[in-house]
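Read off the chains here:
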Amino acid sequence: MPRYVSPQQAWELMQQEGYTYVDVRSPEEYAASHPKGAINLPFLFIGPEGRRPNPDFLETFRKVLPPGSKFILGCAGGNRSAAAVEVLAREGWGDEIVECRAGFVGRKDAEGRVVETGWSASGLPCEEGATEGRSWEDLRRR
C-alpha cells in the first residue's frame, strides 16, 4: 500500500531523508515548472493525438530507481501518479511507494475545485526547464 503525503511532507522527506521526487507528468509539463530536485519519468505522453502510455516507463524507472530507492511519485493533481502507483505495485514495489497525491497543481473534486493544495500553490521551491541529468531525455538514455 502506498503512503500518501502532502507537498510539504514530500519536501521534508526530500530534504531530511534523501527521497527523490519523481514527476510523472509529460516532459513539457516538467520543463514548464517542477518541484526543485525532481526527476522526470513521464507515465503518459500528451500530444495532438491525445494521451498515450510511455512504453519505456517501467524499464527506465527500474534503471533510475533500483530496489530500495526512496521515492515520491507526483503529477499535476493525482491521477497519473495514482495510475503509476498501481503499475509499480503490480510489478513488485510495495510499502516503499510514497505518493504526493495533491501533485504540482493540486487535487480537484468532480467540479474542478481544488480540495488539496499542490506543490506550486504551497510556496515550495520550483525549477524551470529540462534540468540536466534529471530530464526524461537524459534519464531514458541511461
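In short, a report on the structure. Predicted model, so just to flag it, every value in this text is computed and none were measured.

### So, the layout of surface pockets
Volume-wise, the largest pocket comes out at about 160 Å³. What lines the largest pocket is simply Arg51, Cys75, Ala76, Gly77, Gly78, Asn79, Arg80, Gly106, Arg107 and Lys108. Those elements giving two or more residues to the lining of the largest pocket turn out to be helix H4 (79–90) and strand E9 (106–108). No other element matches the 3 residues that E9 contributes to the lining of the largest pocket. Residue composition of the lining of the largest pocket, grouped by class: 2 nonpolar, 4 polar and 4 charged.

### Regarding the sheet that holds strand E8 (residues 97–100)
Overall, parallel pairing links the 5 strands, which are arranged E1-E8-E7-E2-E4 in an open sheet. Sheet topology places strand E1 (3–5) and strand E4 (39–40) at the edges, where each strand pairs with a single neighbour. Pairing between E1 and E8: 3 bridges, direction parallel. Bridge assignment links Tyr4 to a residue of E8, and that residue is Glu99. The strands touched by helix H1 (residues 7–17) within the sheet are E1, strand E2 (20–23), strand E7 (71–74) and E8, with E1 carrying the most contacts at an inclination of about 105°. Strand contacts of H4: E7 and E8, with the helix running at about 170° to E8, the strand carrying the most contacts.

### Observations concerning helix H3 (residues 57–64)
The complete set of buried residues in H3 reads Phe57, Thr60, Phe61 and Val64. Down the axis of H3, the buried side of the element spans an arc of 105°, and every buried residue falls inside it.

### Let's talk about H1
Residues of H1 that are buried: Pro7, Ala10, Trp11, Leu13 and Met14. Along H1, the residues classed as buried sweep out an arc of 160° about the axis, all on the same side. Set apart from the buried face of H1 by more than 90 degrees, the exposed residues are Gln15 and Gln16. Backbone geometry just downstream of H1 places Gly18 in the positive-phi region, at approximately 75°.

### Focus: the nonpolar core
With 22 residues, the main nonpolar core has Val22, Leu41, Phe61, Phe71 and Leu73 as its most contacted residues. Looking at this core, the elements with two or more residues in it are strand E5 (44–47), H3, E7, H4 and helix H5 (136–140). Here this core gets 4 residues from one element, more than from any other, and that element is H4. Beyond its immediate stretch of four places on either side in the chain, Leu41 contacts Val22, Asp23, Val24, Phe57, Thr60, Phe61, Val64, Leu65, Trp136 and Leu139. Counting 15 residues, the second-largest nonpolar core is a separate cluster that includes Tyr30, Ala38, Phe104 and Trp119.

About the criteria used
- Residues numbered from 1 in each chain as written.
- Predicted model: local features only at pLDDT ≥ 70, side-chain atom pairs only at ≥ 80, totals over all residues.
- Heavy atoms only, no water.
- 1 Å grid on protein atoms, 1.4 Å probe; cavity = no way out; pocket = protein on both sides within 12 Å on 5 of 7 lines; lining within 4 Å.
- Points joined across faces, edges and corners; volume = space filled by probe spheres on them.
- Helix = DSSP H or I, 4+ residues; strand = E, 2+ residues; numbered from the N terminus.
- Nonpolar A, V, L, I, M, F, W, Y, C, P; charged D, E, K, R; others polar.
- Pairing = 2+ DSSP bridges.
- Contact = heavy atoms within 4.5 Å.
- Axes fitted to C-alpha atoms, helices over the stretch in contact; angles between N-to-C directions.
- Buried < 20%, exposed > 50% of the residue type's maximum accessible area, 1.4 Å probe, protein only.
- Arc of directions from axis to C-beta.
- Core = buried A, V, L, I, M, F, W, Y, C linked by side-chain atoms within 4.5 Å.

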